[in-house]
Amino acid sequence: MLTVISVIAGGILLGLITSDCTAGIVGMFLGYLLVQSFRQKQKLANLEQRLGQIEELLTENEQETPVEEQPEVVPVFSQAEPAPEPRAAVIIEVVPPSLPRVAVPEQPSLEERLAAKVKAFFTEGNVVLRVGLLVLFFGVAFLLKYAADRNVIPIELRLLGVAMGGIALLGFGWRQRLARPGFALLVQGGGIGILYLTIFAAFKLYHLVPSLLAFAVMLGLVVASTALALLQDSSPLALFGAAGGFLAPVLLSTGSGSHVALFSYYALLNSGILAVSWFKAWRSLNLLGFIFTLGIGAPWGLNSYRPEHFATAEPFLILFFLMFNAIGVLFAFRQPPNLRGYVDGTLVFGTPVICFSLQAGMVQKMPHGLAFSALAVSIFYVGLAFFLWNKGNERLRQGMRTLTEAFLALGIVFVTLAVPLALSGRWAAVTWAMEGAALIWVGIRQNRFLARSTGFLLQFAAGVRFLVDLIFYDAAVSQLPVLNGAYLGAVIIALAAFFSSWQLYKADKLRRCEKWHHLLLFFWGCLWWFCAGRCEINRLFHYSTEDHINLLFTALSCVVLTRLAARLHWKTAAWPGLFLPLFMVLMALERIDWQGHQHLFANEGWLVWPLAFVLLHDCLRQGRNVLKERCLFINHIIGFLLLTLIVTAESSWLLHRLTAGEGVWKLIVWGLMPAGMVLLVHNRRLERFWPLADYVAVYQRQASGIVAVFLWLWLLAGCFGNPGNAAPLPFIPVLNPLELSQIAVMLLLAWWTVRHRADVVAAEPSLAPVAEQVLAAFGAGTAFIWLNAALARAVHHLAGVPFDFVTMLDSRLYQAAVSILWGLLALVLMVTADRRQSRSVWFIGTVLIGATVLKLFLIDLASSGTVERIISFISVGILVIVISYFSPLPPKKEEQ
């Protein structure tokens, strides 16, 4: 019933004021909302009343039933009395005495009470009088409607009547504030709303009052509603009154107002909100002022601001900036003790973002105006953080720690922005990146998923915005090295991503969808950091030196990140260091000139590459605390191979220059220098120093094993492809530089194989015999190939036979020499087999002598030469006879 009455009354009231059917419908809807809100208030009051009664009964029960300790009673049985039989164990649960059930009388509903009153009105007391009064009420109402329809009552009187009705509602609500607080607040709000609408209609619709008087009356209503809200501790009433005050300039605007008057009025309203914040932590009221002030000021700045308005608009922007920061501090300070320091992210972070954006539009044509603004904001926030940290006792400081850290972070953000903003206008993207990092930090501290997600997306949006601005709108880059907007802006985006990744990495309370966010942000930061550095280096340095500077920049960056990973226990930061050896290998392969015209140590490379290896050493050493051993093993191997490559390449280039590129000297270096590196890592004195102290097996077995394979391939390449010219030295068989170096490498390979054979046997004992046979076969085959190649080089130098595979096969002299060589080798093998009683070696010698005889009949017999053929057959025949006499087949082990 009350709902119907309120809907009808709201429609009639608003319809009479505006004389509009649509306004009447809106009034009906407002009346319905008013009743529903009143019902919710009543239900809440009933619940609070019941809860209070229950708490009182609990307190009384605790006072009436004290807990006393009962003495332990031990039963004593005489010898004549038998002890009672044991019974089943009974578990007794001690519980507090049950509380008496309180029968709380159920309150009748609003409709029931209203129906009871209507029934009593018509059935109790002087019924005739009451019916007469009701008929008279309807008659007066019809009379008023008749007079309004025919303009009998002037509009001034109608508005005055409505205003008096609003005042009556306001007074009635004030009188009911103690007996029925929820109902009283609604009635007061309705009265204030009626007065707002009355002033609006008198000024805007009927032009009955001047604008200054209308503003004054509305401001008085704001003050009155705020005072009533404070006296009754009602934030909705204050919110309602403040909303009317902020809407007043919009409702009463004629389109010709001054921005000074508008902002002065808003400053006065925000002063009232600031005063309320000193007593109450009403976040809705704070946000109302923030949204209305900046929400109306921002469109004015975009559409109506002119450079000549700066002197009158800038003071208001600064004033609002200070006001909302102060409101944010008071809101945190007025929280309960367990929530003190709670950060209102909208005010704390929204105020600098919006105000700084408006400031950017105002000072965009002033030289370095935005940079000085950022510096001033930074000084303000740092000073505010310092003030809050030194204010009050230790408990208060710890309670305000989050807010203090937020202000300090904002100060650092803006002082960081000052430099790039002084040199470039890409403030929006950089601001987004830093604010995104701040949102992630606050979202982690306060466990807000929305804040963290927004900050995460802002990081990528900032990068895209920065690239778009750089490519399409601001192609010109300052000529200053490093201190230019393009580079510093990219660096700030990278640092914001690194900071966000670290915060998310160490956070505990994250949702499942956020587990990989720190990796994406770290990759994003690395992309910006390394790409920005490379672009800046390529812009500033010549092609001949830019690779060296890139190498130093990359190595130094990896070292810094790895040290941060070890210090902050942030494993992700050490990942770039894993790719540093591979990056150095790519740089070396790109710069090495295999023809000998260029070398790595040219153009300050003699300084850069040693420094790069020092940085790689530090990166590997710091990474052992945060990275897996398997990854470090691979990096140590790559680093050793790279060092071997660079030392060998530089030595080869040096000999190439000294010998004018002639002879075999360049090839010799590629065998001796890697062999020297293998011997170096086997030095016992160096095993005391890092990294050999911790990774001796890695360097002596795995890394040296790879070098050993390379040396074996080098041996084969030298045997088949080089005649061994060592000018200016004369050629002496076996004692020439190439063959002496090959003998040294073969001895090194044999020594390395014997030394580490035990490791292979210990790792896989079952494979030991097979491994030994395979290694022996490789060694014997390599020696056999080398002897044939040495013989070919001797024939080439002493007999003038071209050192060519086909030519050597056609050479009668070489074929005769090979036959003699194979026969001698077979003799040596079979004699050795006889002495050692080795049937396997004897069979190898037999195969070799058989191959020699077969070669005589297939190749040497077909040759046209006579002397060479005679020498071959006689020599081989003598060797076969000698072998058959001195080297019989060794018996089997069973026969011995």
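Source: prediction; values computed, not measured.

Draft legend 1. Focus on the overall build of the protein chain. Secondary structure assignment for the protein chain yields 32 helices and zero strands. For the protein chain, the proportion of its 896 residues judged to be buried stands at 41%. Considering only contacts within the protein chain whose residues lie at least 6 apart along the sequence, 73% involve residues at least 24 apart. Carbon and sulfur atoms form 68% of the exposed surface of the protein chain, whose accessible area is close to 50,400 Å².

Draft legend 2. Main features of the packing of aromatic side chains. Evaluation of the coordinates by the stated rule reveals 27 aromatic pairs. Consider the rings of Phe784 and Trp822, whose centres lie 5.7 Å apart with planes at 40°: the pair is tilted. A residue pair is termed long-range when its members are at least 10 positions apart, and Phe784 in helix 28 (residues 768-799) and Trp822 in helix 30 (residues 812-836) qualify at 38 residues. Assessed through its relative accessible area of 28%, Phe784 is described here as partly exposed. Aromatic rings pair up to connect Phe321, Phe356, Phe380, Tyr381, Phe407 and Phe414 into one cluster.

Draft legend 3. Layout of the pattern of salt bridges. Using the criterion set out here, one finds six salt bridges in the structure. The salt bridge partner of Glu514 is Arg452, with a shortest N-O separation of 2.8 Å. With Glu514 in the loop between helix 18 (485-506) and helix 19 (517-540) and Arg452 in helix 17 (residues 449-473), the pair connects residues that are 62 residues apart, well separated along the chain. Residue class for Glu514 comes out buried when judged on its relative accessible area of 2%. By relative accessible area, Arg452 is classed as buried at 4%.

Draft legend 4. Representation of the packing of helix 9 (residues 259-279) against helix 11 (residues 310-333) in the model. In the contact formed by helix 9 and helix 11, the axes pass within 10 Å of each other and the chain directions differ by 15°. When the axes of helix 9 and helix 11 are compared, the pair comes out roughly parallel. The two elements helix 9 and helix 11 meet at a crossing, and its hand is left-handed. On the side of helix 9, the interface is formed by His259, Val260, Phe263, Ser264, Tyr266, Ala267, Asn270, Ser271, Ile273, Leu274, Ser277 and Trp278, while helix 11 contributes Thr312, Ala313, Phe316, Leu319, Phe320, Met323, Phe324, Ala326, Ile327 and Leu330. Residues that form the contact of helix 9 with helix 11 fall into these classes: 16 nonpolar, six polar and no charged.

Draft legend 5. Spotlight on the environment of Tyr196. For Tyr196, the location among the structural elements is in helix 6 (residues 181-205). A relative accessible area of 8% places Tyr196 in the buried class. Between the C-alpha atom of Tyr196 and that of Gly241, which follows or precedes it by 45 residues, the distance is 9.2 Å.

Draft legend 6. Representation of a nonpolar patch on the surface within the structure. Side chains of Phe372, Leu375, Ile379, Val382, Leu408, Ile412 and Val415 sit close together on the surface and give an oily, nonpolar patch of about 620 Å² of accessible area. Broken down by element, the residue count for the nonpolar patch peaks at four residues, all from helix 13 (residues 369-389). Here Leu375 shows up in helix 13. For Leu375, a relative accessible area of 35% gives the class partly exposed.

Draft legend 7. Summary view of helix 20 (residues 543-568). Between its first and last C-alpha, helix 20 extends 37 Å over 26 residues, near the 38 Å set by a 1.5 Å rise per residue. Downstream of helix 20 by one or two residues, His569 has phi in the positive range, about 55°.

Draft legend 8. Representation of the nonpolar core in the model. Counting residues in each nonpolar core, the largest one holds 157 residues, and the members touching the most others are Leu403, Phe407, Met584 and Trp609. If you tally residues by element for this core, the top one is helix 26 (residues 692-721), at eleven residues. Setting aside residues up to four positions removed in sequence, Met584 forms contacts with Leu551, Trp609, Ala612, Phe613, Leu616 and Leu642.

Draft legend 9. Fine view of the confidence of the model for the protein chain. Per-residue confidence for the protein chain averages 76 on the pLDDT scale, and 72% of its residues sit at or above 70. When pLDDT is averaged over each helix and strand of the protein chain, the minimum, 49, is found for helix 4 (residues 127-149) and the maximum, 94, for helix 19. This model gives residues 67-104 a pLDDT under 50, and the stretch forms nine contacts once residues within four places in sequence are excluded. Below pLDDT 50 for its whole length, residues 126-130 participates in four contacts with residues either more than four positions away or in separate chains.

Draft legend 10. Molecular detail of the packing of helix 24 (residues 629-658) against helix 25 (residues 665-681). In the contact formed by helix 24 and helix 25, the axes pass within 9 Å of each other and the chain directions differ by 145°. Considering the relative orientation of helix 24 and helix 25, their crossing is right-handed. Residues Phe640, Leu643, Thr644, Leu645, Val647, Thr648, Ala649, Ser651, Ser652, Leu655 and His656 of helix 24 form the contact with helix 25, whose participating residues are Trp665, Lys666, Val669, Trp670, Met673, Pro674, Met677 and Val681. Classifying every residue of the contact of helix 24 with helix 25 gives 13 nonpolar, five polar and one charged.

Cut-off values and rules
- All residue numbers here refer to positions counted from 1 along the written sequence of the relevant chain.
- Thresholds applied to this predicted model are a pLDDT of at least 70 for local features of residues and 80 or more for the giving and counting of side-chain atom pairs; totals over whole chains, interfaces and linings are not thresholded and use all residues.
- Based on all heavy atoms of the structure, the side-chain values leave hydrogens and waters out of the count.
- For helices the rule is a DSSP run of H or I covering at least 4 residues; for strands it is a run of E covering at least 2, with both sets numbered from the N terminus onward.
- Between buried and exposed lies partly exposed: a residue is buried under 20% and exposed over 50% of the maximum accessible area for its type, with that area taken using a 1.4 Å probe on protein chains only.
- In what follows, residue pairs with any heavy atoms lying within 4.5 Å of each other are defined as contacts.
- What sets the accessible areas is the Shrake-Rupley method with a 1.4 Å probe; for residues, cover comes only from the shown protein chains.
- Side-chain rings of Phe, Tyr and Trp, where Trp is taken by its six-membered ring, are said to pair if the distance between their centres is within 6.5 Å; with planes under 30 degrees apart they count as stacked, over 60 as edge-to-face, and otherwise as tilted.
- In the sections that follow, a salt bridge refers to a side-chain nitrogen of Lys or Arg positioned within 4 Å of a carboxyl oxygen of Asp or Glu.
- Angles shown run from 0 to 180 degrees and are taken between the N-to-C directions of axes, each axis being a line fitted to C-alpha atoms and, for helices, limited to the stretch in contact.
- Roughly parallel means an angle under 35 degrees; roughly antiparallel, over 145; roughly perpendicular, 65 to 115; everything else is oblique.
- Here a crossing is taken to be left-handed if its near helix is turned anticlockwise relative to the far helix by less than a right angle, and right-handed if that turn runs clockwise.
- Side-chain classes follow a simple rule in which Ala, Val, Leu, Ile, Met, Phe, Trp, Tyr, Cys and Pro form the nonpolar group, Asp, Glu, Lys and Arg form the charged group, and the remainder, Gly included, forms the polar group.
- The patches reported here contain residues having more than 30% relative accessible area and no salt bridge. Joining distances are 9 Å for like charges and 5 Å for nonpolar side chains (Val, Leu, Ile, Met, Phe, Trp, Tyr).
- To estimate the expected span of a helix, count its residues, drop one, and scale the result by 1.5 Å.
- To qualify as a nonpolar core, a set must consist of buried Ala, Val, Leu, Ile, Met, Phe, Trp, Tyr and Cys residues joined through side-chain atoms within 4.5 Å.
- Think of pLDDT as the predictor's per-residue confidence, scored from 0 to 100.

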